[in-house]
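Close look at the chain arrangement
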Amino acid sequence: YMKGKVLLAQGKIEESLKEFKQEKHEFFSIYGMNFILFAIGGKSNSEDVFNQYLEKFSQTDPANTADLYAFRGNYEKAFDYLNKAFEIKDPVLIEALTYPSFKSMYKDSRWKNFIEKIDLPENHGYALK
């Protein structure tokens, strides 16, 4: 999974797809395939695997669900799932805030409001400016 994400970030699409296809862990396989299939063909190409992820994991893994929505450019849903992650105390939330998918949301006033809501210490580094 991680190698696939790195290769995707480097723009090495075919190599990334190969790595994601080799992932044995069900969560990381479905989660990872969402990124590569969306990168290859957008929403229409990735809808089946996205719906599979939502059905299996959206209730238990809201921080990662927010990541997928952010990657797809659906910031409204991404914020909804960030708030769900906060409400259920999703242990992945603090890590997820560093994911590159969220960088485009930093300018949104909801990002600053969310970061303030979770009450991180001063100088936490999650782009409030």
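Relevant structure appears above.
Thresholds, definitions, all that
Residue positions are given per chain, counted from 1 along the sequence in the order it is written. Predicted model: local features are reported for residues with pLDDT of at least 70 only, side-chain atom pairs are reported and counted for 80 or more only, and whole-chain, interface and lining totals are derived from all residues. In computing side-chain values, all of the structure's heavy atoms are included and hydrogens and water are not. Only runs of H or I of at least four residues qualify as helices and only runs of E of at least two qualify as strands under DSSP, and these elements are numbered from the N terminus. Based on C-alpha atoms, the radius of gyration is set beside the globule rule, defined as 2.2 Å times the residue count to the power 0.38. Three labels apply to residues, based on accessible area from a 1.4 Å probe with only protein chains included: buried if under 20% of the type maximum, exposed if over 50%, partly exposed otherwise in between. Note on definitions: salt bridges are taken to be side-chain nitrogens of Lys or Arg within 4 Å of carboxyl oxygens of Asp or Glu. Nine residue types can take part in a nonpolar core, namely buried Ala, Val, Leu, Ile, Met, Phe, Trp, Tyr and Cys, and a core is a set of them joined through side-chain atoms within 4.5 Å. Contact criterion: two residues are considered in contact whenever any of their non-hydrogen atoms come within 4.5 Å of each other.

Within the protein chain one finds seven helices and zero strands. Listing each helix as α and each strand as β along the protein chain from the N terminus yields α-α-α-α-α-α-α. On C-alpha atoms alone, the protein chain measures out to a radius of gyration of 15 Å, which is about the 14 Å that the 2.2 N^0.38 rule sets for 129 residues. Oriented by its inertia axes, the alpha-carbon framework of the protein chain measures out at about 40 × 30 × 25 Å. Out of the 129 residues belonging to the protein chain, those deemed buried represent 45%.

Take the pattern of salt bridges next. In the structure shown here, the tally under the stated rule is six salt bridges. Across the salt bridge formed by Glu47 and Arg72, the nearest N and O atoms sit 2.8 Å from each other. One end of the pair, Glu47, is in helix α3 (residues 26–57); the other, Arg72, is in the loop between α4 (62–71) and α5 (75–87), with 25 residues separating them in the sequence. You can call Arg72 buried: its relative accessible area is 17%. Linking Lys112 and Glu116 is a salt bridge whose minimum nitrogen-to-oxygen distance equals 3.7 Å. One end of the pair is Lys112 and the other is Glu116, both in helix α7 (residues 109–117) and four residues apart, which spans about a single turn.

The next thing to look at is the nonpolar core. In this structure, Tyr31, Tyr53, Leu82, Leu97, Phe102, Met105 and Trp111 are the most contacted members of the largest nonpolar core, which totals 38 residues. Counting only elements with at least two residues in this core, the list comes to α2 (13–22), α3, α4, α5, α6 (93–96) and α7. Examining the composition of this core, we find that twelve residues originate from one element, α3, more than from any other. Beyond its immediate chain neighbours, meaning those up to four positions away, Met105 contacts Ala70, Tyr75, Ala78, Phe79, Leu82 and Trp111.

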